[in-house]
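Geometric and topological summary
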Amino acid sequence: MLYGFLDFELDEQGFELTRAGAPVAVQPKAFDVLVYLVQRRERVVTKKELLDHVWGGVKIQENTLAQTVASLRRSLHEEVADRVLETVRTRGYRFIAEVRAVERNAAPRSPSQAFVGREPLMQALRTKFEEVLDGTSAVALISGGPGLGKTRLLAEVAKLAPGRGARQVALRCHRAEGVPELWPFQQILRQLGAEPALLDEVGAASSDPERRFLLFDHFTGALKHAARREPLVVLLDDLQWADVPSLLLFGYVARELADARVFLVAAYSDASMQNTLARTIGGLLREDPSRRFALTPLGKESVAELAEQLLGHRASPELLARLFLKTGGNPALLLQMLALSAAGCERPSLVEDTSALLSDDTTRAAIALQLGALSEACQNFLGMAAVFGSEFDACELSPLTQIEPVRALELLNEATRGHVLSKTGKPQAYRFRHGLVQDVLLRGLPAARRVELETAIREARSTRSP
Ligand SMILES: Nc1ncnc2c1ncn2[C@@H]1O[C@H](COP(=O)(O)OP(=O)(O)O)[C@@H](O)[C@H]1O
Ligand SMILES: [Mg+2]
């Protein structure tokens, strides 16, 4: 069931609470309490009833229930919590917010069903899946920058299991504040219907390294156990947000699955990799490079195919050239440009005039995503670099921006790792991957600074090549 109240949505099966579309971190027991109360919102639920149903009557410390409710209130935010939960003195609790029915998939996450240019990767993923059906484990690590299509590819992988007698669990890691340690794996256990004792262990293990490793073993055991009945596909999205213990557990499980019929597929953004993620992934890829599924931007043919699917007719060569230049083959940016083109303004001028595009909220959001992984210093630096053109020379940049060459190189490396720049092949030469991102950076630069830089660049260039 999907329940809506205030600006929240509570997805009982998906174990997810969102507020205005953004995930809210809730402790597992607090989540269960919330579901139980929503389902019985017409009356007061007594403390005893909650203890019986949520804790299965297991003896717990006296204040555990109060603490769980307090934690739930914090997740909802105190000022909002009063409009959702009523504490009935000495008796129990009541859910008091109005509940509305929510259509599942009323707002699909992916507005487009199009899927182009990934057949070689899909073929390799299908092969791994078949190996799992034949009786062994497999790991696939899908990487790429923001908007390159990691989530979309996972959605295609999710179509493999149904119809082949395999079971599937899918999960997204969240960046939200206050997500408990090991939360992603706790959710997997829940989806698998693991014993409550193991779930409780997860909570207890978070503070004690030794118990943690025992837990890793139990967790792996639980997956193997589940896979004995039917092959199991585990899909994990946004692994870059997982907490450190979760990443360690991920590495452990990936190695210890042996011949259990488990297909472990994880997607992560390599635009900003923290150390534990880099080490975990690096180790797994060294052991078996066939686990690597690195997404690259769509090529010209795929861009043309996507344009045709979305516009309903073949796009002109000029439009295609423009699309490619502005988006660098990034599907998220392409969809934005194509959506606007399809919305009745198929004039190339629209695509020419990026200011129309940039006034669109979703486009801005898609572009912000491209820059979001970069430090502020890097973004500021790129704002200046954008004045030098879509392709520029690092040697030229440093004196005119008054940034030390070593520091400039660091920032250029950061932007390259973050998929905003790429090297052109000529030494010291860099290129903006997406023209749109360059446009946004240029707009963000104060006008006076831009004029100043433009003048300096002109002068430097005229003295160099008279
Ligand atoms: N191969 C593809 N063909 C068509 N559309 C795609 C493709 N890959 C991604 N998209 C679309 O581009 C957008 C961004 O993709 P998404 O999977 O969310 O990126 P990521 O998870 O890498 O940030 C989505 O709207 C998605 O449907
Ligand atoms: Mg994604």
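Now for a quick tour of the structure. (Residues numbered from 1 in each chain as written. Chains lettered and ligands numbered in written order. Predicted model: local features only at pLDDT ≥ 70, side-chain atom pairs only at ≥ 80, totals over all residues.)

Topic: the pairing of strand β2 (residues 8-11)
Taken together, the four bridges between strand β1 (residues 2-5) and β2 define a ladder with antiparallel strand orientation. Paired with Phe5 across the strands is Phe8, a residue of β2. Linkage of β2 to strand β3 (residues 16-19), two consecutive antiparallel strands, is achieved through a turn of four residues, within which Phe15 is found at a positive phi near 50 degrees. (Pairing = 2+ DSSP bridges. Helix = DSSP H or I, 4+ residues; strand = E, 2+ residues; numbered from the N terminus.)

Re the sheet that holds β3
Read from one edge to the other, the open sheet built from five strands follows the order β4-β3-β2-β1-β8, with strand pairing classed as antiparallel. Edge strands, defined here as strands with exactly one partner in the open sheet, are β4 (22-24) and β8 (100-101). By the bridge criterion, three bridges tie β3 to β4 in an arrangement that is antiparallel. Across the sheet, the residue bridging to Leu17 is Val24, located in β4.

Description of the site of ligand 1
In the vicinity of ligand 1 lie 19 residues, with Gly149, Lys150, Thr151, Arg152 and Pro331 positioned nearest. For the shell around ligand 1, the secondary structure elements donating two or more residues are α6 (150-157) and α14 (331-342). Tallied by class, residues from the shell around ligand 1 come to nine nonpolar, seven polar and three charged. Per-domain counts for the shell around ligand 1 show at least three residues from each of domain 2 (119-294) and domain 3 (300-369). (Near = placed C-beta within 6 Å. Nonpolar A, V, L, I, M, F, W, Y, C, P; charged D, E, K, R; others polar. Domains from an automatic or database assignment.)

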